[in-house]
Amino acid sequence: MPSASVCMSIALFLVIFLRVSATNRSRNQARRRRGLQRLRMLVDQFMTGDPTTYCAINHNMPILRLWFDVETELRQDFRLTRRVMHSLQRLLQRDQDHGWGNELEVLIYTYWLAHGLSYRVVARVFNVPKVTVHCIIHRVAQNIWDNLRRAIDFPQTVDLPAVAQEFVNISGTPAFHNVVGAIDGSHIRIKPLQRHRLDYLNYKGFYSVNMQAICDSNGRFLDIFVGYPGSVHDTRIMKNSSFYTTRRYPPTGYILLGYGGYPCLETPICLITPFKEPVHGEVQQRFNYYQSRGRSIIERAFGMMKTRWRSTLFRALEVKPTFAPQVIASCAFLHNVCMDNGDTLVPDEDILMDDAQPPRGHMAYNETSGNDTRNRLAALVSDNFQAP
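Notes on the structure in this doc start here. This one's a predicted model, so the numbers in the text were calculated from it and none came from an experiment.

A short note on the pattern of salt bridges
This structure, assessed with the given rule, holds 12 salt bridges. Residue Arg75 is joined to Asp343 by a salt bridge in which the shortest nitrogen-to-oxygen separation is 3.1 Å. Placement of Arg75 in helix 3 (residues 75–78) and of Asp343 in the loop between helix 13 (324–340) and helix 14 (349–352) is noted, with a sequence separation of 268 residues between them. We classify Arg75 as partly exposed; its relative accessible area is 27%. The class for Asp343 is buried, based on a relative accessible area of 3%. The partner of Asp223 in a salt bridge is Arg149, with the nearest N and O atoms 3.2 Å apart. You can see Asp223 sitting in strand 3 (residues 221–229) and its partner Arg149 sitting in the loop between helix 7 (130–146) and helix 8 (160–171), a full 74 residues away along the chain.

The structure is reproduced here in structure tokens:
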């Protein structure tokens, strides 16, 4: 005859087993109901040819009333004009037979970028679940990442003379008639994982992810390369980027301008940097002045991007370091979409004030120096110089 304690244990086990079984049955039934519901919607879609909407949007939320009032401007709340928003939604349009719809997802993502808010706060603003906001933000960022070339790409060969002429205009010297881009890197603050903190500590003393970019004479990004931790030197990042390894840009006969942290190169790409300080003579000093004027457009492009998304980019990104490159790349993508639609702004002065530079990078064995080209350009600058 079993003891009373054994009987109690068996009884307790049976109770727990029956409850777990009942819970599993309920979950399985709910799963089957959702599957049947999904199947009915797919059948309905197949029969009608129209997507089935099953997510209830609360049109009475103030942010959505703002969106649906087509006469109201959006820039204060989304940092984008209505025209840019429509263009962005067209660029990111994709086949979607369920969910909240492309229009609302883009609104949620740009609102999150514009204000640097937590997922919880954005969920309250749009009256959608927090987990939905998380999924939407990651989905839209991935969609932009997959379609970067729709807004960020090098100019066609026939357009290069026009790009070069604009660099002549902004630099103030005809000697730069074959300059078709400026390159630089920018550090975006992040909160690194404790285990890898030192990898992300840059020479300026804060934790960051590096964004390398090439821009044209208007400040429009032609190429971006995002993801290296802040401790990596700009030269190493450049030499691992695709435009350099494939020698894709600039084409033969054209030049990139870079700051003093890069080596001055003739091959595999032509990258011309300023003379090292202290300079020797007026020719070098004059060249550095005009070279700085020409390449300053890349600093201005970074400034415009950071000013537009100041709430997100001017403080440490509240996302995982593995997700940060997608967020940063989407800001560059949106910067170009804004420029393509006439939505420009003046960068804030406090963002532009950043004079710290790393030491100059070194040439590799497969590179040739651009010193001779730089000397010829310096002579041309002085030949065309007209004293005021």
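From this point on, the discussion continues.
Some words on the packing of aromatic side chains
As enumerated under the stated definition, the model contains 11 aromatic pairs in all. A ring pair is formed by Tyr289 and Tyr290, whose centres lie 4.9 Å apart and whose planes are at 80°; its orientation type is edge-to-face. Given a relative accessible area of 47%, Tyr289 falls into the partly exposed group. Among the aromatic side chains, those forming a connected cluster through ring pairs are Phe78, Tyr111 and Phe126. Its end group placed over the ring of Phe206, Arg189 keeps NZ or CZ at 3.9 Å from the ring centre. Note that Arg374 overlies the ring of Phe275, its terminal NZ or CZ placed 4.5 Å from the centroid.

Topic: helix 6 (residues 119–126)
Residues Tyr119, Val122, Ala123 and Phe126 constitute the buried set of helix 6. In a view along the axis of helix 6, the buried residues occupy a sector of 105°, so they form one face of it. Directly after helix 6, the chain includes Asn127, whose backbone phi takes a positive value near 60°.

Looking at the packing of helix 11 (residues 281–308) against helix 13
Two elements in contact, helix 11 and helix 13, have axes whose closest approach is 10 Å; the angle formed by their N-to-C orientations is 100°. Relative to helix 13, the element helix 11 is oriented roughly perpendicular. Counted together, Ala301, Met304, Met305 and Arg308 of helix 11 and Cys331, Ala332, His335 and Cys338 of helix 13 form the full contact between these two elements. Of the residues contributing to the contact of helix 11 with helix 13, the split by class is 6 nonpolar, 1 polar and 1 charged.

Here's the deal with unusual backbone geometry
Excluding glycine, most residues fall at negative phi; most peptide bonds, likewise, are trans. Following Thr267, the chain continues to Pro268 via a peptide bond in cis, the omega torsion being 5°. Secondary-structure assignment places Pro268 in the loop between strand 5 (265–267) and strand 6 (271–272). Backbone torsion omega between Glu277 and Pro278 reads 0°, so that peptide bond is classified as cis. Even without glycine at this site, Arg247 takes up a positive phi of about 55°. Within the element layout of this structure, Arg247 appears in the loop between helix 10 (242–245) and strand 4 (255–258). Taking relative accessible area as the criterion, Arg247 reaches 56% and is therefore assigned exposed.

Details of the packing of helix 5 (residues 102–115) against helix 13
When two helices pack together, their arrangement is given by the angle between their axes and by how far apart the axes lie. Across the interface, helix 5 lies against helix 13 with an axial gap of 12 Å and an inter-helix angle of 100°. One way to sum up the angle between helix 5 and helix 13 is to call them roughly perpendicular. In this structure, helix 5 uses Tyr109, Trp112 and Leu113 to contact helix 13, whose residues at the interface are Gln326, Val327, Ser330, Cys331 and Leu334.

Side note on the pairing of strand 4
Residues of strand 4 alternate between two faces, with Ile255 and Leu257 on one and Leu256 and Gly258 on the opposite face, all of them buried. Where strand 1 (residues 179–189) and strand 4 come together, 4 bridges link them in parallel fashion. When the sheet's bridge partners are listed, Ile183 is paired in strand 4 with Gly258. Two elements, strand 4 and strand 6, share 2 bridges in a ladder whose sense is parallel. Following the sheet pairing, Leu257 is matched in strand 6 by Ile272.

Looking at helix 4 (residues 82–91)
For helix 4, every residue scored as buried is listed here: Arg82, Val84, Met85, Ser87, Leu88 and Gln89. Among the structural elements, helix 2 (62–68), helix 3, helix 5 and helix 13 are those in contact with the buried residues of helix 4.

Let's talk about the pairing of strand 3
Across 7 bridges, strand 2 (residues 208–215) lies against strand 3 in antiparallel orientation. Note on strand 3: the bridge partner recorded for Val209 is Pro229. What sits between strand 2 and strand 3 in their antiparallel hairpin is a turn of 5 residues, with Gly219 showing a positive phi close to 90°.

Remarks on the environment of Thr110
Relative to the assigned elements, Thr110 resides in helix 5. C-alpha of Thr110 to C-alpha of Cys331: the two residues are 221 residues apart in sequence and 9.5 Å apart in space. Apart from the residues lying within four places of it in its own chain, the contact partners of Thr110 are Phe78, Leu80, Met85, Leu88 and Trp309. Engagement of the side chain of Thr110 in a polar contact is seen with the backbone oxygen of Leu107, the distance being 3.2 Å.

Scoring rules and cut-offs
- Once a new chain begins, its residue numbering starts again from 1 and follows that chain's sequence as written.
- Confidence filtering applies because this is a predicted model: local features only for residues at pLDDT of at least 70, side-chain atom pairs given and counted only at 80 or more, and all residues used for totals across whole chains, interfaces and linings.
- Values shown for side chains rest on all heavy atoms present in the structure; no hydrogens or waters enter the calculation.
- We count a salt bridge whenever a side-chain nitrogen from Lys or Arg sits within 4 Å of a carboxyl oxygen from Asp or Glu.
- In this text, helices come from DSSP runs of H or I with a minimum length of four residues, and strands from runs of E with a minimum of two, each type numbered from the N-terminal end.
- Partly exposed residues are those whose accessible area sits between 20% and 50% of the maximum for their type, while under 20% is buried and over 50% is exposed, using a 1.4 Å probe and protein chains only.
- Two rings from Phe, Tyr or Trp (for Trp, the six-membered ring) form a pair when their centres sit within 6.5 Å of each other. Planes less than 30 degrees apart are called stacked, planes more than 60 degrees apart edge-to-face, and all others tilted.
- By definition, being over a ring means that NZ of Lys or CZ of Arg is both within 6 Å of the ring centre and within 35 degrees of the ring normal.
- Starting at the helix axis, one direction is taken to each C-beta atom, and the arc is that of these directions.
- What counts as an axis is a line fitted to C-alpha atoms, over the stretch in contact for a helix, and the angles between N-to-C directions run from 0 to 180 degrees.
- Angles are sorted into four bins: roughly parallel if under 35 degrees, roughly antiparallel if over 145, roughly perpendicular if 65 to 115, and oblique for all others.
- Contacts between residues were defined by any pair of non-hydrogen atoms, one from each residue, lying within 4.5 Å.
- Residues are grouped as follows: nonpolar covers Ala, Val, Leu, Ile, Met, Phe, Trp, Tyr, Cys and Pro; charged covers Asp, Glu, Lys and Arg; every other residue, Gly included, is treated as polar.
- The pairing criterion is simple: DSSP has to find at least two bridges between the two strands.
- A 3.5 Å cut-off defines polar contacts: any pair of N or O atoms within that distance qualifies, except that in protein one atom must be a possible hydrogen donor and the other a possible acceptor, and neighbouring residues in sequence count only when both atoms are side-chain atoms.

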